[in-house]
4 protein chains.
Amino acid sequence: MRFFSDNAAPVHPKVMAAMQAADTIDTAYDGDALSRGLDARFSALFGRAVTVLWIPSGTAANALALAALCPPYGGVICHRDSHIQNDECGAPEFYTHGAKLMLGEGPGAKLTVDEVTRVADAIANDVHRVQPHALSITNATEYGCVYSPAEVAALGALAKARGWRFHMDGARFANAIVSLGCTPAELTQNVDVLSFGFVKNGGLSAEALVLFDPDLVDVTARRRKRAGHLLSKGRYLAAQIHAMLDDDLWLKTARAANGHAQTLAKAAEGRLINPVQANELFLYMSPDEAASLRAQGFDFYDWAAGEIRLVTHWASPQHEVEALARAIAAL
Amino acid sequence: MRFFSDNAAPVHPKVMAAMQAADTIDTAYDGDALSRGLDARFSALFGRAVTVLWIPSGTAANALALAALCPPYGGVICHRDSHIQNDECGAPEFYTHGAKLMLGEGPGAKLTVDEVTRVADAIANDVHRVQPHALSITNATEYGCVYSPAEVAALGALAKARGWRFHMDGARFANAIVSLGCTPAELTQNVDVLSFGFVKNGGLSAEALVLFDPDLVDVTARRRKRAGHLLSKGRYLAAQIHAMLDDDLWLKTARAANGHAQTLAKAAEGRLINPVQANELFLYMSPDEAASLRAQGFDFYDWAAGEIRLVTHWASPQHEVEALARAIAAL
Amino acid sequence: MRFFSDNAAPVHPKVMAAMQAADTIDTAYDGDALSRGLDARFSALFGRAVTVLWIPSGTAANALALAALCPPYGGVICHRDSHIQNDECGAPEFYTHGAKLMLGEGPGAKLTVDEVTRVADAIANDVHRVQPHALSITNATEYGCVYSPAEVAALGALAKARGWRFHMDGARFANAIVSLGCTPAELTQNVDVLSFGFVKNGGLSAEALVLFDPDLVDVTARRRKRAGHLLSKGRYLAAQIHAMLDDDLWLKTARAANGHAQTLAKAAEGRLINPVQANELFLYMSPDEAASLRAQGFDFYDWAAGEIRLVTHWASPQHEVEALARAIAAL
Amino acid sequence: MRFFSDNAAPVHPKVMAAMQAADTIDTAYDGDALSRGLDARFSALFGRAVTVLWIPSGTAANALALAALCPPYGGVICHRDSHIQNDECGAPEFYTHGAKLMLGEGPGAKLTVDEVTRVADAIANDVHRVQPHALSITNATEYGCVYSPAEVAALGALAKARGWRFHMDGARFANAIVSLGCTPAELTQNVDVLSFGFVKNGGLSAEALVLFDPDLVDVTARRRKRAGHLLSKGRYLAAQIHAMLDDDLWLKTARAANGHAQTLAKAAEGRLINPVQANELFLYMSPDEAASLRAQGFDFYDWAAGEIRLVTHWASPQHEVEALARAIAAL
């Protein structure tokens, strides 16, 4: 019974069916109708003209976004616990050609206007210091928390006022939307580039890089090619994304994942390190307790000394979730 | 009727079925059994211990190979008409952090020992000149020709003698193998890294990066992650490759593609710019003749003034190939 | 008797004296009065507002210029025999983060509008091909020839029409100016960045990077720091440049160097491979003849089979130049 | 009366004289006798065979050292307050092609074995996390403190045990040596590369990059060229270093600087934030007090709220130092 990662989730049958349906002789790269149709699809979703590039991985989507927003000699303010800092083996530094990540602190892996201001103001504005050029947040965060539309807008306004660009790592954007009950447009005010994740939520190998600034499109398309991410059979990636958007499948799968997390949260109330606002839970748990759960067949990640991480996803079997909830409650 | 590119080919039903079969909750990245099984599979195929990383695109496979073989301050000798020079938007320069491609000449996009020697000997061995560190060839070449095992071995021996590493871009390795009637082992003597292509030949999004030198494995695995090519649902990529190897599917599909090319070659005998040894044809053809073919419904690439390119693939409909052969013969 | 390189020249006494005069406690980096005075000095020289950064080497000046003008995913059209291609160990690729040099041909290491057009037009304008973003020429060229003001203007106009930026490597700009009898302004029409060399012409360690576009200043100042070229005792570099400009010392030293070259050219008339328009000569010469000169105490560079290079400089002893002229005539 | 930075110091007359003495026609780059003589000179000083490259700036020396010791996908553990992190505009990231600086804490800008262990042990050893490959310390530190030979050796032993390389930023190595009363050999046990500074201590534009590992020499020489730091008139840089070593001039000038700092330290005893072990002082000081000193003609750096930095150097006028000491005591 796996609660290790939502990356372990399978591909949704409708996504697989869409790939099957795309399986004909067609134009290579992103010249096919499915790929060309993404802009309109997402423009409708966000209520404004956007350009969308499919990208095979979230790491690449984030790194391409940062390369679009920050020059090699600049810096990106982000959270100390962010995925771009800890879990991408230096992809941001590779794609930006050596930009520096500037780390802020805060509970739930969330940055605040005050904290970002503190980080920035500690940097003398001279030629010797790397200057911040972009701000990056993750929503939902690496600790399963969400930024509200107002929080996002405030951080974006700060970025704008300082002359920085604004990136949102939305590997679990769907979970945040479902959790907040808001629209994609409401949650991306002032955002320049969004990495809109589908792979953890039912997709196979297609994230959507949403460019809100048309000036970034040509350059990012070239960088995608240069990085080897312009797959020749792109239609199968576009097909995945279309299937996820059809009938709001992406919201349904995220709702399932979040729901499972709430089931576990209720059973683990006294143990919660952070509020559970998406599909990840971080629990205080002794090594003995963790061993006991494992002995009952549950698989999960040891986060830190006395802490574990549980992740649910759209395909987590309901009975396994309930079994785990009972097991935690019984500890 | 599309003869534009083998990238337009669909995914083979057996590949699609293998992905479907892999569609369960499983370990992320490359920790699953299918991914872990690739080394043994390819070691058997090559008759020696190799390590294999799945890579979503040929561009990335080539660029990762070159980064493994050439430092930022080094050079890679390759053909002026090579894919790495012309068709990857600078991916080699990106992944190697600025290595220089050093261009040789020769018919059929083939390098010879003499030509490589000429290129290398023109470079003074001092600190002011970028020095060659690697040699890269494409087999089958960008002009649809093949290097024989003896030619590969001779170039590899030259590389070894000079202290260079040796890369083979095998985007159409299957077509070369079928054309030559040799084994993969025979065609990769002295090769350090092979980009073994499946996507043009029935796959969807998985090439095999074959590392013949165990010292390159850890570094290349890190670079793959850092480049965003360690997809979280890697089992679906590994599944594609296994399906291609099962029952020699990769040879069957390449045989079909090459066969179609021979059908066309026979009809175009006086027009052939290069010998047709794989699944690409380059023909002398006047604009009027090209227009006539297009008027009959055939789609293809204008290569240069008075030249066209035709590409066949495993799924090219037999009747379309025959129709095109007749149309060319009738010009 | 050294005719190997103008890099072997000593430092002019007035330059040394100016450094001595600057030898006091003062502001570090480029905050001193001498450094701050460069903009006005060069603005007067060029007859328009320019910004100037001192740079310790010509290689760095060129590489910083190219990094300012070409993105990592772009290309720079230059001559196959250019210094940036052959003699900087990949500095352009390092500073630009992997831009590609696109090589043209032509006698005297000179590019023409036709040749540049030919190189550019061979590149399909799609996402797979690196696109040219800049044009770089060397004046005087690596073969001791000069571009006239009209030739420079025409190449600059081509660059402008194509949307490229325009760089001039002026390691021997002074020799070109003296040879042509024109003004610096006349010789830099449409140029965006000029690497204005002083080190071969009497300086020690200060080239002037002349930025004609104010938008490039801040970024280039940061890149200079990031590359370790913002020396802490910058005033000693600025002092060198001021001394070279005082009383047109730079023209006097270049005139001496060019004059020496003409003395040699007259003696070598039938042997000249290129017209002698600056301070370098390339001569046809058999190995036996070269050995004979060497036996008489003359030191120089073997350029290619049957070819030698001679370089004069401001401090070449007159009697050595005349002795060499006699020796060549006597061969 | 300037106590702002030792970068404001003039060039020592003996250094200037040595440059003057080198002012003849000679071999370019580092082919001259002075440059070639550095290895022997430093091998004698360190009591073992070393290779030395002159480098025009400390930033470049550090960045070249890190590029030699850490791959693009690796990390360098250093102090949060280190020069390489804060004052080089990302030069380490540029030269290493995107390695990550991993920040430790500790008073006096000093790292301890425990702290470095803590930083390293927090990094999971998997493909997703950048792994440390090198450790870098500054001696004397950015806060004017020194690492003893035993402390250096212990950190070096830790690095060795972990498989990392070890770099020492010795911009003020002379001040540390004088302060500790030890030999250069004693202070560089286990060190792989030392940036040995001369510019703050009487030189003009030459630091010595000391390579203790012969395997690093060729690569670093190439990187120096590629970065534009192989100046064509290198003999004038080598001459500076020789002059600094002659008759232990480097120790005399450092002794003077450190002595001035002690004079100030005695006057400022209750205000010292760190022990004064080199030529920098960090004092608690209210804005009013700072204003009072400035009104008396003293120039210095406001370090943080309620803190100032004072720096002395070999040429700080004795009477100015005494005047400042009196003024501080009188506050």
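Our structure is the block above this text.
Throughout, a residue's number is its position along its own chain's written sequence, starting from 1. The lettering of chains begins at A and the numbering of ligands begins at 1, in the order of writing. Local features in this predicted model are restricted to residues whose pLDDT is 70 or higher, and side-chain atom pairs enter the listing and the counts only when it is 80 or higher, whereas totals over whole chains, interfaces and linings include all residues. Excluded from the side-chain calculations are hydrogens and water; all other atoms, namely the structure's heavy atoms, are used.

1. Points about the overall build of chain A
Defined as follows: Numbering of helices and strands runs from the N terminus, with a helix taken as a DSSP run of H or I at least four residues long and a strand as a DSSP run of E at least two residues long. Atoms counted for the radius of gyration: C-alpha only. Globule rule: 2.2 Å times the number of residues to the power 0.38. Whether two residues touch is decided by their heavy atoms; if any such pair falls within 4.5 Å, the residues are in contact. Per-residue and other accessible areas were derived by the Shrake-Rupley procedure at a 1.4 Å probe size, with only the shown protein chains allowed to occlude residues. Two residue types count as positive, namely Lys and Arg, and two as negative, namely Asp and Glu; His and chain ends fall outside the count. Where a charge lies is defined by one atom per residue type, namely NZ (Lys), CZ (Arg), CG (Asp) and CD (Glu).
A count of helical and extended segments in chain A gives 14 helices and ten strands. Over its C-alpha atoms chain A spans a radius of gyration of 20 Å, differing by no more than 12% from the 20 Å that the globule rule assigns to 331 residues. Nonlocal contacts in chain A, meaning residues at least 24 apart in sequence, comprise 74% of its contacts between residues at least 6 apart. For chain A, the exposed surface amounts to about 10,500 Å²; the carbon and sulfur share of it is 52%. Seen as two clouds, the 29 positive and the 36 negative side-chain charges of chain A have centres 4 Å apart.

2. Some points on the pattern of salt bridges
Residues and elements named next belong to chain A. We count it as follows: A carboxyl oxygen of Asp or Glu within 4 Å of a side-chain nitrogen of Lys or Arg is what we treat as a salt bridge. Each residue gets one of three labels from its accessible area relative to the maximum for its type: buried under 20%, exposed over 50%, partly exposed in between, using a 1.4 Å probe on protein chains only.
Throughout the structure, instances matching the rule amount to 58 salt bridges over all chains. Salt-bridge contacts for Glu-105 lead to Arg-80; the nearest nitrogen and oxygen are separated by 2.8 Å. Here Glu-105 is found in the loop between strand 3 (100-104) and helix 7 (113-121), whereas its partner Arg-80 is found in the loop between strand 2 (74-79) and helix 5 (83-86), with 25 residues between them in sequence. According to the relative accessible area criterion, Glu-105 is partly exposed, its value standing at 38%. Look at the salt bridges and you will find they share partners, linking Asp-6, Arg-172, Glu-280 and Arg-309 into a network.

3. What to know about helix 1 (residues 13-21) of chain B
Heads up, the rule is: Summarising the geometry, the arc corresponds to the directions from the helix axis toward the C-beta atoms.
Within helix 1 of chain B, the full set of buried residues consists of Val-15, Met-16, Ala-18 and Met-19 of chain B. Buried residues along helix 1 of chain B cover an arc of 160° about the axis, so they all sit on one side. Facing away from the buried side of helix 1 of chain B by more than 90 degrees, the exposed set consists of Pro-13 and Ala-21 of chain B. Looking at the buried side of helix 1 of chain B, the elements it contacts are helix 1 (13-21) and helix 11 (235-245) of chain A together with helix 11 (235-245) of chain B.

4. So, the relation of the copies chain C and chain D
Rule in force here: Each copy is superposed on the other by least squares, with the fit set by C-alpha atoms of residues at a pLDDT of at least 70 in both.
Once turned by 180° and shifted 0.0 Å along the axis, chain C lies on chain D with an RMSD of 0.0 Å. The transformation relating the two chain copies, once decomposed into turn and shift, fits a two-fold axis. Of every C-alpha in chain C, the one belonging to Ala-227 of chain C sits nearest the axis of rotation, 3.6 Å from it.

5. Focus on the interface of chain C and chain D
In plain terms, the rule: Buried area is understood as the total, over both parts, of accessible area removed when two parts are fitted together, assessed with a 1.4 Å probe. Polar contacts, as used here, are pairs of N or O atoms within 3.5 Å; protein pairs need one atom able to donate a hydrogen and one able to accept it. Residues neighboring in sequence count only if both atoms are side-chain atoms.
On the side of chain D, 48 residues touch chain C, which itself brings 48 residues to the contact. Taken as a group, Phe-94, Arg-226 and Lys-233 of chain C account for 19% of the area that chain C buries against chain D, more than any other trio of residues on that side. If you look at where chain C meets chain D, you find one salt bridge. For Arg-2 of chain C, the salt bridge is made with Asp-26 of chain D, and the minimal N-O distance between the two is 3.9 Å. Our count for the contact surface shared by chain C and chain D stands at 37 residue pairs in polar contact (both at pLDDT 80 or more). Listing elements by their share of the side of chain C that touches chain D, those giving two or more residues are helix 1 (13-21), helix 4 (58-69), helix 6 (91-96), helix 10 (217-226) and helix 11 (235-245) of chain C. It is helix 6 of chain C that provides the largest number of residues to the side of chain C that touches chain D, a total of four residues.

6. Regarding the packing of helix 3 (residues 38-46) of chain D against helix 11 (residues 235-245) of chain D
Residues and elements named next belong to chain D. Note the threshold: Inter-axis angles, ranging from 0 to 180 degrees, are taken between N-to-C directions of lines fitted to C-alpha atoms, where helices are fitted over the stretch in contact. Here the word oblique covers every angle except those under 35 degrees (roughly parallel), over 145 (roughly antiparallel) and from 65 to 115 (roughly perpendicular). Crossing handedness is read from the near helix: turned anticlockwise from the far helix by less than a right angle, it gives a left-handed crossing, and turned clockwise, a right-handed one. Three classes are used: nonpolar for Ala, Val, Leu, Ile, Met, Phe, Trp, Tyr, Cys and Pro, charged for Asp, Glu, Lys and Arg, and polar for all others, with Gly counted as polar.
The interhelical angle for the contact between helix 3 and helix 11, taken along N-to-C directions, is 30°, at an axis separation of 11 Å. Between helix 3 and helix 11, the crossing angle belongs to the class labelled roughly parallel. With respect to the hand of their crossing, helix 3 and helix 11 are arranged in left-handed fashion. The residues of helix 11 that touch helix 3, namely those facing Leu-38, Arg-41, Phe-42 and Leu-45, are Ala-238, Ile-241, His-242 and Leu-245. Broken down by class, the residue content of the contact of helix 3 with helix 11 amounts to six nonpolar, one polar and one charged.

7. Describing the interface of chain B and chain A
On the side of chain A, 48 residues touch chain B, which itself brings 48 residues to the contact. Buried area between chain B and chain A, both sides added, is near 4,100 Å², and the carbon and sulfur share of it is 60%. For the chain B face of the interface with chain A, the top three residues by lost area are Phe-94, Arg-226 and Lys-233 of chain B, together amounting to 19%. For the pair chain B and chain A, the number of links is one salt bridge. Taken together, chain B and chain A are joined by 37 residue pairs in polar contact (both at pLDDT 80 or more). For the side of chain B that touches chain A, the secondary-structure elements that each account for two or more residues are helix 1, helix 4 (58-69), helix 6 (91-96), helix 10 (217-226) and helix 11 of chain B. Across the side of chain B that touches chain A, the residue classes tally to 22 nonpolar, 15 polar and eleven charged.

8. What about the sheet that holds strand 9 (residues 301-304) of chain A?
All names here are of chain A. To keep things clear, this is the line we draw: Strand pairing is assigned whenever DSSP identifies at least 2 bridges connecting the two strands.
Strand order in the open sheet formed by three strands is 8-10-9, and the pairing between neighbours is antiparallel. The sheet is open, and its two borders are formed by strand 8 (280-284) and strand 9, each paired with just one other strand. The mean angle between the axes of side-by-side strands here comes to 35°, regardless of whether they run parallel or antiparallel. Of the strand pairs in this sheet, strand 9 and strand 10 (residues 307-311) are connected by three bridges, and their pairing is antiparallel. The residue bridging Asp-302 from the neighbouring strand is Ile-308, located in strand 10.

9. Considerations on the sheet that holds strand 3 (residues 100-104) of chain B
Residue and element names in this part refer to chain B. Strand order in the open sheet formed by seven strands is 1-7-6-5-4-2-3, and the pairing between neighbours is mixed. Each end of this open sheet is capped by a strand with a single partner; those strands are strand 1 (51-55) and strand 3. For this sheet, the mean angle separating the axes of adjacent strands, direction not counted, is 25°. Examined bridge by bridge, strand 5 (residues 165-170) and strand 6 (residues 193-196) share four bridges and lie parallel to one another. Following the sheet pairing, Met-168 is matched in strand 6 by Leu-194. Docked against the sheet, helix 3 (residues 38-46) engages strand 1, strand 6 and strand 7 (207-211), running at close to 115° with respect to strand 1.

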